[in-house]
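Each chain, written out:
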Amino acid sequence: MSAKRIIPCLDIKNGRVVKGVHFTDMVDVGDPAEIARAYAAQGADEVVFLDITATTEGRGTMYALLERAAQGLTIPLAIGGGIRTVDDFARVFACGAAKASVNSAAVANPALIAEASVAFGPERVVVAIDGKKVGDAFHVMVNGGLTDTGKDVVAWAKECEALGAGEILLTSMDADGVQTGYDIAMTRAVCDAVNIPVTASGGCGSVADIIEVFTQTDCDAALAASLFHFGTATVGEVKEEMERNDIPCKLKD
């Protein structure tokens, strides 16, 4: 079994890291570049920057901030938010991003996934899926979680894989920020449906939540924000607990 990854997520608004509940009520956490370096020092496997208002504000992503943060960073940096074209992919990669994720733009234009995959390789193309429970189904949400597309999350994940996505970043909007654990049912359903890596996101409030998502689903990575931002645990402490539970991970040298 390959090593499971631990990925701190930095939600960014107006150039600052913020954290909220259900994508609202944001609290300022700090400077993205400084926080990314701190997590790298703790042994994070990669870090994700999400420009959470780029789509709703109809603007491009934060290139200058991305370039500053990527300089000297020793782990891969992924970026999402405001990426709408193949040229946008190229620009964030030129700024130092290792991966780029698309969400609303991919739903609006699924061909973008295939175009980016061909141009840069599937391993650099991540499709972010924000899922919400609607009745007995999970629906794909876009525009920062404001719009219900009516698309089924599992069906969309399978389509993204077929189009050439190399990875799925799966966020539960119901669990986001409430720190009561990942959405195991939705995560398991997507992991069972695709053969590409799935990162579980949304709801992590304890080290136990990360152990649970790795033992109850086949996800390849666990993404967390509040757990790390507010000092509940460090990346190193998470990986120590993973070792105790026989979950493979890469330990910091």
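Here, the structure is the one placed above.
Keep in mind the model is a prediction, meaning the values are calculated, not measured.

Here we look at the environment of isoleucine 184
Within the fold, isoleucine 184 resides in helix α7 (residues 184–193). Assessed through its relative accessible area of 15%, isoleucine 184 is described here as buried. Residues isoleucine 184 and tyrosine 39 lie 145 residues apart in sequence; the distance between their C-alpha atoms is 25 Å. Every residue in contact with isoleucine 184, bar those within four places of it in the chain, is listed here: Glu212, Val213, Gln216 and Thr217.

A look at the environment of aspartate 220
Among the structural elements, aspartate 220 can be located in the loop between α8 (207–216) and β12 (221–224). For the pair aspartate 220 and isoleucine 196, spaced 24 residues apart in sequence, the C-alpha separation works out to 9.0 Å. Among all residues touching aspartate 220, those that are not within four sequence positions of it are Ala3, Lys4, Arg5, Ile196, Pro197, Val198 and Phe214.

Examining the side chain of serine 117
In this fold, serine 117 is placed in helix α5 (residues 111–120). Exposure remark for serine 117: the relative accessible area of 11% places this residue in the buried category. In this view, serine 117 contacts Pro122, Val125, Leu163 and Gly164; residues no more than four positions away in its chain are not counted.

Here we look at the pairing of strand β9 (residues 147–152)
Bridging between strand β8 (residues 137–142) and β9 involves three bridges; their strand directions are antiparallel. Within β9, the residue paired with methionine 141 across the bridge is aspartate 148. Linkage of β8 to β9, two consecutive antiparallel strands, is achieved through a turn of four residues, within which asparagine 143 is found at a positive phi near 55°.

Definitions and limits used
Residues numbered from 1 in each chain as written. Predicted model: local features only at pLDDT ≥ 70, side-chain atom pairs only at ≥ 80, totals over all residues. Heavy atoms only, no water. Helix = DSSP H or I, 4+ residues; strand = E, 2+ residues; numbered from the N terminus. Buried < 20%, exposed > 50% of the residue type's maximum accessible area, 1.4 Å probe, protein only. Contact = heavy atoms within 4.5 Å. Pairing = 2+ DSSP bridges.

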